[in-house]
Amino acid sequence: MFFPPSLQIRLVVEEGLNQFLYSISLRFYNFLLFSYTFTLSSTYQTLPNNPSLILFFLPSLQIRLVVEEGLNQLPYSDLTITTPTGCQYQGLQFVKGNCGVSIVRSGEAMEQGLRSCCRSIRLGKILVESDLETHEARVVYAKFPDDISQRKVLLMYPIMSSGNTVIKAVNVLQEHAVEEENIILLNLFSTPAAARTVTSAFPRMHILTSEVHPVAPNHFGQKYFGTD
């Protein structure tokens, strides 16, 4: 059967991505690709064709889905409550000691999604910029809860192209005595190179992403905040 050249290229790329995801899942069990749902798949197909929707609604939906899956990775304990009718209900509650840290500025787009799920959660921020001459990532600003070393950290960064920014951010967290296994990276889009770089640098860190593709939408932050 003959396939058009464009379709042949797409099939080769998809097969390459499947092989990459399979190999990286064998080496790094903490790398989790968010399971595709109809809602998530439809947002990926709608975004490129509807620029007006990228401003808020669809990105917020994607962020909410990823944040909720990230919360599923946090530790929890059993909880028994008594209903107004006097019945006992066996439920669950998060173990105290969680916080969110956004990598400014695109990471701030994920803060509202986290706040919507956990209103009282503590938040921190890290600003990482690239040097104009060397193009190396450097930390400009960092502000965390005082007891962050005792907390599970949800690190928020939606787009990973090279992974250098995330590596710098994790290094800062480790300088504040945060254990690598206590960090959960929440990500929307990642390139295979970035996923390989970050997982190799921090094999014990949990990474949750919704899409791995050779081309990352680096304009996400500008589109979301309306500064393009």
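One can find the structure itself at the top, above this paragraph.
What you see is a predicted model, and the numbers here were worked out from it, not measured in a lab. (Residues numbered from 1 in each chain as written. Predicted model: local features only at pLDDT ≥ 70, side-chain atom pairs only at ≥ 80, totals over all residues. Heavy atoms only, no water.)

Novice: How should I be thinking about the pattern of salt bridges in this particular structure?
Specialist: For side chains bearing opposite charge, pairing can occur when the charged atoms are close. Taken as a whole and judged by the stated rule, the model has 6 salt bridges. Between Arg 64 and Glu 68 there is a salt bridge, and its shortest N-O distance comes to 2.8 Å. Residue Arg 64 and its partner Glu 68 are located together in helix α3 (residues 57-71), separated by 4 residues, close to a single helical turn. A single network of salt bridges, built from pairs that share partners, joins Glu 108, Glu 111 and Lys 125. (Salt bridge = Lys/Arg side-chain N within 4 Å of Asp/Glu carboxyl O. Helix = DSSP H or I, 4+ residues; strand = E, 2+ residues; numbered from the N terminus.)

Novice: What's the story with helix α5 (residues 164-175) in this structure? I'm lost.
Specialist: Taking 1.5 Å of rise per residue, 12 residues should cover 16 Å, and α5 covers 17 Å from first to last C-alpha, within 8% of that figure. Thr 165, Val 166, Ile 167, Ala 169, Val 170, Val 172 and Leu 173 are the residues of α5 that are buried. Count one or two residues on from α5 and you reach Ala 177, which has phi positive near 70 degrees. (Expected span 1.5 Å × (residues − 1). Buried < 20%, exposed > 50% of the residue type's maximum accessible area, 1.4 Å probe, protein only.)

Novice: Sorry if this is basic, but what is going on with the state of the cysteines here?
Specialist: Disulfide: a covalent bond connecting the sulfur atoms of a pair of cysteines. With the rule as written, the count across this model stands at 0 disulfides. Here Cys 118 is not disulfide-linked; the sulfur of Cys 117 is the nearest cysteine sulfur, at 6.0 Å. (Disulfide = S-S within 2.5 Å.)

Novice: Help me understand the nonpolar core, please; the structure alone is not making it clear to me.
Specialist: Within soluble globular proteins, side chains that are nonpolar tend to cluster in buried spots. Membership of the largest hydrophobic core comes to 29 residues, with the highest contact counts inside it found for Val 101, Ile 148, Leu 155, Val 166, Leu 173, Leu 185 and Met 205. Looking at this core, the elements that each hand over two or more residues are β4 (98-104), β5 (122-130), β7 (152-156), α5, β9 (183-190), α6 (192-201) and β10 (206-212). The leading source of residues in this core is α5, at 6 residues. One finds Ile 63, Val 67, Leu 188 and Phe 220 within the second-largest nonpolar core, a separate group that totals 20 residues. (Core = buried A, V, L, I, M, F, W, Y, C linked by side-chain atoms within 4.5 Å.)

Novice: I keep staring at the pairing of β7 and nothing clicks. Help me out?
Specialist: Successive side chains on a regular strand alternate, one facing one side of the sheet and the next facing the other. Here β7 lies mainly inside the structure; 4 of its 5 residues are buried. As paired elements, β7 and β9 share 4 bridges and run parallel to each other. What sits directly across from Leu 154, in β9, is Ile 184. (Pairing = 2+ DSSP bridges.)

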